[in-house]
Amino acid sequence: MASKKKAKELQKARYVPRGLAPCGHDVVRERLTKLAMAVRTGTPVALHHAYVFAGPDGIGKHTMAMWWAQELKCERHGGCGECPSCRQIMAGSHPDVVVLESEGQGKKIGIDPVRELIRKMSLRAQHSGPRFSVIRGAHLLSFEAQNAMLKLLEEPPGHAVIVLITPAVGGLLATVRSRCQVLRFDALSEAPLLSILEAAGVPPAEHKARVAACEGSAARALALDEEALAAREELIEAFEALRKDPFADLEELTRQLAEKSGNRDENLLVLFYWQMQKARSAARANAPETATLVAQAERTSATIRMLAAGVNAKVAIRDMLLDVRG
Ligand SMILES: [Zn+2]
């Protein structure tokens, strides 16, 4: 229980003071910095007004958007973090910066909040820099809501900037996508993940396991609780033992492991168990397919170990199926 509470606190931590300093995504960040600098210094620049920040959840797309708002609206030297504009953006109370998001659990964003956003974006900016709006989970915008936005994306009033954030660009209408510049964000590599964990105060002893299990998502690295980390380690150890001892009690071990893991792992475990049984009977009967069956079982076992170590499940399972089917 205590560890769950701690995980929640850590998750919250990503929004406090460090919240507006993005980690990783250097190419995107550099590009946005240049644009903001040009806007602030009045250098003529082709600042596009509509962007899609595309990439997996929990890797800092929203953080980057809010950081960019600060860069664009700062009253001093850009993202100073101290001027009234920067402070209001950090506090979520800047009159020129609007954030729209789903009410949760994949709920669609309807046309009414979008109309309200369009209205706000048509007002004159109260502070220096453009009006700035962010839509988190933009793929959740309803069909009507996306259509209602077309004019805003095409021709925003004044110098408005709109950022649509989504892990699923395919959920946006082609007419929306074509009006935006799409900036791709990749899963985070080890270095930014480590600095995020460090900044959030996660004990260094946990860093390695969290980085290995989070699939490049800082949000997941922070949210993994100690119990989940320990269960993953046990899973890996148990499979190692299984690999070394061909006479292990497979049925009992499979049952134990399935209890500890999620459905995805459980299905693979069942497959593994079935393949091992077939391979054993074939070996006892000296059947010619023994080698193939053993190879298949080993391939499944390797996949399960990769999953336990935190690799991308879709890719690992797809590769395994391709190998097994030959
Ligand atoms: Zn500032």
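A brief report on the enclosed structure follows. Because the structure is a prediction, the values reported are computed rather than measured.

## Points about the overall build of the protein chain
- Looking only at helices and strands, the protein chain has 15 helices and 5 strands in total.
- The buried share among the 326 residues of the protein chain stands at 33%.
- Sequence separation of at least 24 residues holds for 70% of the intrachain contacts in the protein chain that already meet a minimum separation of 6.

## Examining the packing of helix H2 (residues 26-41) against helix H3 (residues 61-73)
- In contact at an axis separation of 9 Å, H2 and H3 are set at 25 degrees when each is read in the N-to-C sense. Taken together, the axes of H2 and H3 are roughly parallel relative to one another. Where H2 crosses over H3, the two elements pack in a sense that is right-handed. Here H2 contributes Val28, Arg29, Leu32, Thr33, Ala36 and Val39 to the contact with H3, which in turn contributes Met64, Trp68, Glu71 and Leu72.
- Each residue belonging to the contact of H2 with H3 can be placed in one class, and the counts come to 7 nonpolar, 1 polar and 2 charged.

## Notes on H3
- The end-to-end C-alpha distance of H3, which contains 13 residues, comes to 18 Å, matching closely the 18 Å that a straight helix rising 1.5 Å per residue would cover.
- Here H3 lies mainly inside the structure; 13 of its 13 residues are buried.

## Some details on the nonpolar core
- Formed by 56 residues in total, the largest nonpolar core has its most connected members in Phe53, Ala65, Val163, Leu164 and Ala221.
- Per element, the largest residue contribution to this core is 7 residues, and it comes from H3.
- Dropping the residues within four chain positions of it, valine 163 is found in contact with Tyr51, Phe53, Ala65 and Val134.

## Quick notes on the sheet that holds strand E3 (residues 132-136)
- Across the sheet, 5 strands lie side by side as E2-E3-E4-E1-E5; this open sheet has parallel pairing. Edge positions in the sheet fall to strand E2 (97-101) and strand E5 (181-184), since each has one partner strand and no second. This sheet shows a mean twist of 20 degrees between the axes of neighbouring strands, independent of strand direction.
- Where strand E1 (residues 50-54) lies against E5, 4 bridges are found, and the strand directions are parallel. Paired with phenylalanine 53 across the bridge in E5 is leucine 183.
- The strands that H3 touches are E1, E2, E3 and strand E4 (161-166); relative to E3, the one it contacts most, it runs at about 175 degrees.

## Focus: the environment of tryptophan 67
- Structurally, tryptophan 67 is set in helix H3.
- Note on tryptophan 67: 22 C-beta atoms within 10 Å, which makes it buried.
- Considering only alpha carbons, one finds tryptophan 67 and threonine 33, 34 residues apart in sequence, at a separation of 9.8 Å.

Here is what the cut-offs are and how they apply
- Residues numbered from 1 in each chain as written.
- Predicted model: local features only at pLDDT ≥ 70, side-chain atom pairs only at ≥ 80, totals over all residues.
- Helix = DSSP H or I, 4+ residues; strand = E, 2+ residues; numbered from the N terminus.
- Buried ≥ 20, exposed ≤ 12 C-beta atoms within 10 Å, placed from the backbone.
- Contact = placed C-beta atoms within 7 Å.
- Axes fitted to C-alpha atoms, helices over the stretch in contact; angles between N-to-C directions.
- Parallel < 35°, antiparallel > 145°, perpendicular 65-115°, else oblique.
- Left-handed = near helix turned anticlockwise from the far one by under 90°.
- Nonpolar A, V, L, I, M, F, W, Y, C, P; charged D, E, K, R; others polar.
- Expected span 1.5 Å × (residues − 1).
- Core = buried A, V, L, I, M, F, W, Y, C linked by C-beta atoms within 7 Å.
- Pairing = 2+ DSSP bridges.

Note that all results are geometric; they support no functional claim without further evidence.
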